[in-house]
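One-letter residues, chain by chain:
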Amino acid sequence: MSLEAVLSAVEARVTPDEAERARFEEVAGELRERTLSALSDLDVEGDVVLVGSTARGTWLSGDRDIDMFVRLPPEIDRSELVQYGLTIGHEVLPDGREEYAEHPYVKGIYEGFDVDLVPCYDVEDAEHIQSAVDRTPFHSTYLEENLDDELARDVRLAKRFLKGIGAYGSDLRTRGFSGYLTELLVCEYDGFVPLVEAAAEWHPPVELDPEEHGRETFTDPLIVIDPTDPERNVAAVLSAENLARFQHYSRALLEDPREELFFPPEREPLSAAELRAHVRDRRTTPVAVVFEAPDVVDDQLWPQLRRTLGGVIDGLDDHGFDVFRADAFVEDTGGPADEQGQAVLFLELASPTVPAVSRHVGPPVSVRSHAEGFYEKYAGRSGRDDGTDDRLYGPFLVEDRYIVERPREFTDASEYLRSEVLLEVRTGAQIEDALEDRTVLVGDEVDTLVESFGRDLAAYFDPRP
């Protein structure tokens, strides 16, 4: 198929029809009236605005998200803003639950739509924000002024493309393209096709400043200065990996246009037999550290998980175990965002064991002060063997350097992962306590993970760009 034919087919699948639009407008109108009514019962002035993709007509067919913001006077303090916001939120969404961005807000379901009801300050412009969410109404206003129907269509194509390749979403688990960033890029390049053509040739870092008013210096791989705030990079959350992923698939789309890039088939969960086959073929040793994830929202959990995984990798490396590849998984419980299930740090080792001694390379003999210090530190212990398994070999010379071979603290990776020493690695603040009660699986024992993490393991053993 030609690129034009593919995009036409995708457009037909992602564009909300008249009935869907009418239903959205009906429900959004009801919500706005309910919110205004709840606001009128309070002793504070304010107004209500619809924001996000539904306000701008860039939402995808099937999406059922409504973002309603309650703007309140900038003179009130933060505690009042929160209290007013939660009071209104619970009045409008009686079965809603409180979630947390920079401050609490209410999230719930109304007539089948997922609704975020968020309080913010009604500030003069985005440079005077008192809360990060204060920018959002300005984003909507800017895009409403710069998006026409044709560009809105291209935004939908861009969003579906980014969803298809797994790079859409500014949450800290995905670290991809936000909806606002996607819309700005389509505006900047005047369409979806010009955007992917440009992305295919990008050489990061790439900097874009739609309003030519940026005042800050950033080091991110993609820099898009917020048109409403000259000191903010809209792409700050975007990872280098997801930027590269967008470039890879932009080239793929241009070279071989196909709908599968927008709507890829869902991965089948890996079976225990398939997992064992992968491990057998790779001749590695899988290990998994399993624990109960702390009950926090994803944007708090995932940075901590990545930090902890990095700490465990460094700890294994420091003890001589070669980590071939690693990833972190979190069980999908299907419950609220802050009710987590099990978490897994999954690591492949080149070998589960190492020799009882490790080589420690000293300075060249010619560097006298350092060399003498190294020699004197170890010479008195040379050949020690008192039955405590801490025999030291050397110092001796290899070419021009002193060498010693020292006993290791751990010769088995699973022993290290089960030890209290593991808790000395850097971890996320709320994960350290969770690691106290951990299970370590080695080799065939990881088969038990497929029930809850079959798709994660399928993605791990079938990695794609």
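Below, the discussion takes up the overall build of the protein chain. From N to C terminus, the protein chain includes 15 helices and 15 strands. With the C-alpha coordinates aligned to their principal axes, the bounding extent of the protein chain is approximately 85 × 60 × 50 Å. Taking all 465 residues of the protein chain together, the buried fraction comes to 46%. Of the contacts formed within the protein chain by residues at least 6 apart in sequence, a portion of 67% connects residues at least 24 apart. Carbon and sulfur atoms make up 44% of the accessible area of the protein chain, which amounts to about 23000 Å² in all.

Taking 1.5 Å per residue, 17 residues should reach 24 Å; helix α6 (residues 149-165) reaches 25 Å between its end C-alpha atoms and fits that length. The buried fraction of α6 amounts to 13 of the 17 residues, a majority that puts the element mostly inside the structure. Between the side-chain oxygen of the N-cap and the backbone nitrogen of Glu-150 there are 3.2 Å, and the N-cap of α6 in question is Asp-148. Downstream of α6 by one or two residues, Gly-166 has phi in the positive range, about 80°.

Before going further, it helps to examine the sheet that holds strand β11 (residues 342-349). The strand order β10-β11-β9-β15 describes an open sheet built from 4 strands, whose pairing is antiparallel. Looking along the sheet, the strands with just one partner apiece sit at the ends: β10 (323-330) and β15 (439-442). Averaged over all adjacent pairs, the angle separating strand axes in this sheet is 15°, with direction ignored. In terms of strand pairing, strand β9 (residues 285-292) meets β11 through 8 bridges, oriented antiparallel. Each bridged residue has a counterpart across the sheet, and for Val-287 the counterpart in β11 is Leu-347. Running at roughly 155° to β10, helix α11 (residues 298-318) makes contact with β9, β10 and β11 of the sheet.

This brings us to the packing of aromatic side chains. Per the counting criterion, the structure on display carries 17 aromatic pairs. Where Phe-161 meets Phe-192, the ring centres are 5.7 Å apart and the plane angle is 65°; that geometry is what we call edge-to-face. Of this pair, Phe-161 sits in helix α6 while Phe-192 sits in helix α8 (residues 192-199); the two residues are 31 residues apart in sequence, bridging distant segments of the chain. Neither Phe-161 nor Phe-192 differs from the other in exposure class; each is buried. Clustering of aromatic rings is evident, with ring pairs tying together Phe-161, Phe-177, Tyr-189, Phe-192, Trp-202, Phe-246 and Phe-262. Geometry around Phe-263 places Arg-13 over its ring, the cationic atom sitting 3.6 Å from the centre. Note that Arg-64 overlies the ring of Phe-113, its terminal NZ or CZ placed 4.1 Å from the centroid.

Pairing of strand β3 (residues 97-100) with strand β4 (residues 104-110) involves 4 bridges; the strand directions are antiparallel. Across the sheet, Glu-99 pairs through a bridge with Tyr-105, a residue of β4. Hairpin connection, β3 to β4: the antiparallel pair is bridged by 3 residues.

So, about the confidence of the model for the protein chain. Confidence in the prediction of the protein chain, expressed as mean pLDDT, is 93, and 97% of residues score 70 or more. A low-confidence stretch, residues 385-389 stays under pLDDT 50, and its non-local contacts, those more than four residues away or across chains, total 2 contacts.

As a further point, take the packing of helix α7 (residues 179-189) against α8. Axis separation between α7 and α8 bottoms out at 8 Å; the angle between their running directions is 95°. Put simply, α7 runs roughly perpendicular to α8. Of the residues in α8, those in contact with Leu-185, Val-186 and Tyr-189 of α7 are Phe-192, Pro-194, Leu-195 and Ala-198. Residues of the contact of α7 with α8, tallied by class, amount to 7 nonpolar, no polar and no charged.

So, about a negative patch on the surface. A cluster of like negative charges, contributed by Glu-292, Asp-295, Glu-420, Glu-432, Asp-433, Glu-436 and Asp-437, occupies part of the molecular surface. The exposure class of Glu-436 is partly exposed, given its relative accessible area of 49%.

Turning our eyes to something else, we now look at α11. The terminal C-alpha atoms of α11, which comprises 21 residues, lie 30 Å apart, in line with the 30 Å expected from a rise of 1.5 Å per residue. Buried residues of α11: Leu-301, Trp-302, Gln-304, Leu-305, Thr-308, Leu-309, Gly-310, Gly-311, Val-312, Gly-315 and Leu-316, and no others. Lining the buried residues of α11 we find β9, β10, β11, α13 (413-418) and α14 (432-435). Positioned one or two residues after α11, Gly-320 has a phi angle of 90°, which is positive.

To continue, consider the environment of Leu-435. You can see Leu-435 is positioned in helix α14. Judged by relative accessible area, which is 0%, Leu-435 ranks as buried. Along the chain, Leu-435 and Val-290 lie 145 residues apart, while their C-alpha atoms are 8.2 Å from each other.

Looking along the chain, the bond that leaves Pro-204 and enters Pro-205 is cis, with omega of 5°. Here Pro-205 lies in the loop between α8 and β6 (206-208). The phi dihedral of Asp-190 falls on the positive side, at around 60°, and the residue is not glycine. Here Asp-190 shows up in the loop between α7 and α8.

Once that is clear, we can look at the nonpolar core. Counting 43 residues, the largest nonpolar core has Phe-161, Phe-177, Trp-202, Leu-222 and Phe-246 as its most contacted members. Of all the secondary structure elements, the ones that give two or more residues to this core are α1 (3-14), α5 (136-146), α6, α7, α8, β6, β7 (222-226) and α9 (240-255). With 7 residues, the top contributor of residues to this core is α6. Here Phe-246 is in contact with Phe-161, Leu-162, Ile-165, Phe-177, Leu-195, Val-196, Ala-199 and Trp-202, once residues within four sequence places are set aside. With 32 residues, the next largest nonpolar core counts Ala-328, Ala-413, Leu-422 and Ile-431 among its residues.

Conventions and cut-offs
Each chain carries its own residue numbering, running from 1 in the direction its sequence is written. In keeping with the model being predicted, local features are shown solely for residues with a pLDDT of at least 70 and side-chain atom pairs are shown and tallied solely at 80 or more, while totals for entire chains, interfaces and linings include all residues. Note: side-chain values were computed over all heavy atoms of the structure, leaving out hydrogens and water. Helix and strand assignments come from DSSP, with helices taken as H or I runs of at least 4 residues and strands as E runs of at least 2, each series counted from the N terminus. Only protein chains enter the accessibility calculation, which uses a 1.4 Å probe; a residue is then buried when its area is under 20% of its type maximum, exposed when over 50%, and partly exposed in between. Should any heavy atoms of two residues lie within 4.5 Å, those residues are counted as being in contact. Working definition of accessibility: Shrake-Rupley area with a 1.4 Å probe, residue cover restricted to the visible protein chains. Given a helix with a known number of residues, its expected span is that number minus one, times 1.5 Å. Under the rule applied, a polar contact is a pair of N or O atoms within 3.5 Å (in protein, one hydrogen donor and one hydrogen acceptor; residues adjacent in sequence only if both atoms are side-chain atoms). A strand pair is defined by DSSP finding two or more bridges across the two strands. The angle between two axes is taken between their N-to-C directions and runs from 0 to 180 degrees, where each axis is a line fitted to C-alpha atoms and a helix contributes only its stretch in contact. Only Phe, Tyr and Trp rings are paired, with Trp represented by its six-membered ring, and only when their centres lie within 6.5 Å; those with planes under 30 degrees apart are stacked, over 60 edge-to-face, the remainder tilted. Both a distance and an angle decide whether a charge sits over a ring: NZ of Lys or CZ of Arg must be within 6 Å of the ring centre and within 35 degrees of the ring normal. The score called pLDDT rates the predictor's confidence residue by residue, from a low of 0 to a high of 100. Should an angle fall under 35 degrees it is called roughly parallel, over 145 degrees roughly antiparallel, and 65 to 115 degrees roughly perpendicular, with every other angle called oblique. Residues are grouped as follows: nonpolar covers Ala, Val, Leu, Ile, Met, Phe, Trp, Tyr, Cys and Pro; charged covers Asp, Glu, Lys and Arg; every other residue, Gly included, is treated as polar. Residues qualify for a patch when their relative accessible area is over 30% and they have no salt bridge, like charges being joined within 9 Å and the nonpolar side chains of Val, Leu, Ile, Met, Phe, Trp and Tyr within 5 Å. The rule for a salt bridge is simple: a side-chain nitrogen of Lys or Arg has to be within 4 Å of a carboxyl oxygen of Asp or Glu. This count recognises Lys and Arg as positive and Asp and Glu as negative, with His and chain-terminal groups excluded. All charge positions are set by atom: Lys at NZ, Arg at CZ, Asp at CG, Glu at CD. Throughout this description, the term nonpolar core refers to a set of buried Ala, Val, Leu, Ile, Met, Phe, Trp, Tyr and Cys residues connected via side-chain atoms within 4.5 Å.

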